[in-house]
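What follows is each chain in one-letter form.
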Amino acid sequence: MKKERTSVSQNCVSGTYHCLSFRMDSSISVLLFGITRDLTGQSAVSVSLQENASVADLLEQLHQQFPALTGIRSLLIAVNGEYAETDQVLSPTDEIALIPPVSGG
């Protein structure tokens, strides 16, 4: 009979064999452009998110950190260079950008 190899996470409590894999909060960098940069006074911000956080979670966190952003009605989020839906799950290595409404003619 073939014996299966198992690994135990470093986050496990000593002496236990049934450990849950978990990660602490991680930060994600968000690039800001146009009015979002003006309202925050920064060209990039770092946001702490839980594992498996979505674009909607990111927006909620940004609105808490920078209430002035709630006044922007049509704010888009780009993840790795592509527009993202609010249910898209983020990873700490994603490149995130806030795309404010653009006017012109």
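Residues numbered from 1 in each chain as written. Predicted model: local features only at pLDDT ≥ 70, side-chain atom pairs only at ≥ 80, totals over all residues. Heavy atoms only, no water.

### Brief notes about the environment of Ser-29
Here's step 1: With respect to the element layout, Ser-29 can be found in strand E1 (residues 26-32).
Here's step 2: Judged by its relative accessible area of 42%, Ser-29 is partly exposed.
Here's step 3: With 65 residues separating them along the chain, Ser-29 and Asp-94 place their C-alpha atoms 8.3 Å apart.
Here's step 4: Residues contacting Ser-29, with those up to four places away along its chain left out, are Ala-44, Val-45 and Ile-96. (Helix = DSSP H or I, 4+ residues; strand = E, 2+ residues; numbered from the N terminus. Buried < 20%, exposed > 50% of the residue type's maximum accessible area, 1.4 Å probe, protein only. Contact = heavy atoms within 4.5 Å.)

### With respect to the sheet that holds strand E4 (residues 82-83)
Here's step 1: One open sheet accounts for 5 strands, arranged E2-E1-E5-E3-E4; its pairing is mixed. Either end of the sheet is taken by a strand with one partner, and the two such strands are strand E2 (44-49) and E4.
Here's step 2: Looking at chain direction, E1 and strand E5 (residues 96-99) are connected through 3 bridges and run parallel. Paired with Val-30 across the two strands is Ile-96, which belongs to E5. (Pairing = 2+ DSSP bridges.)

### Considering the nonpolar core
Here's step 1: Membership of the largest hydrophobic core comes to 21 residues, with the highest contact counts inside it found for Val-30 and Leu-58.
Here's step 2: Those elements that place two or more of their residues in this core are E1, E2, helix H2 (55-65), strand E3 (76-79) and E5.
Here's step 3: Sort the elements by how many residues they give to this core and H2 lands first, with 4 residues.
Here's step 4: Aside from chain neighbours lying at most four places away, what touches Leu-58 is Ile-28, Val-30, Val-47, Leu-49, Leu-90 and Ile-96. (Core = buried A, V, L, I, M, F, W, Y, C linked by side-chain atoms within 4.5 Å.)

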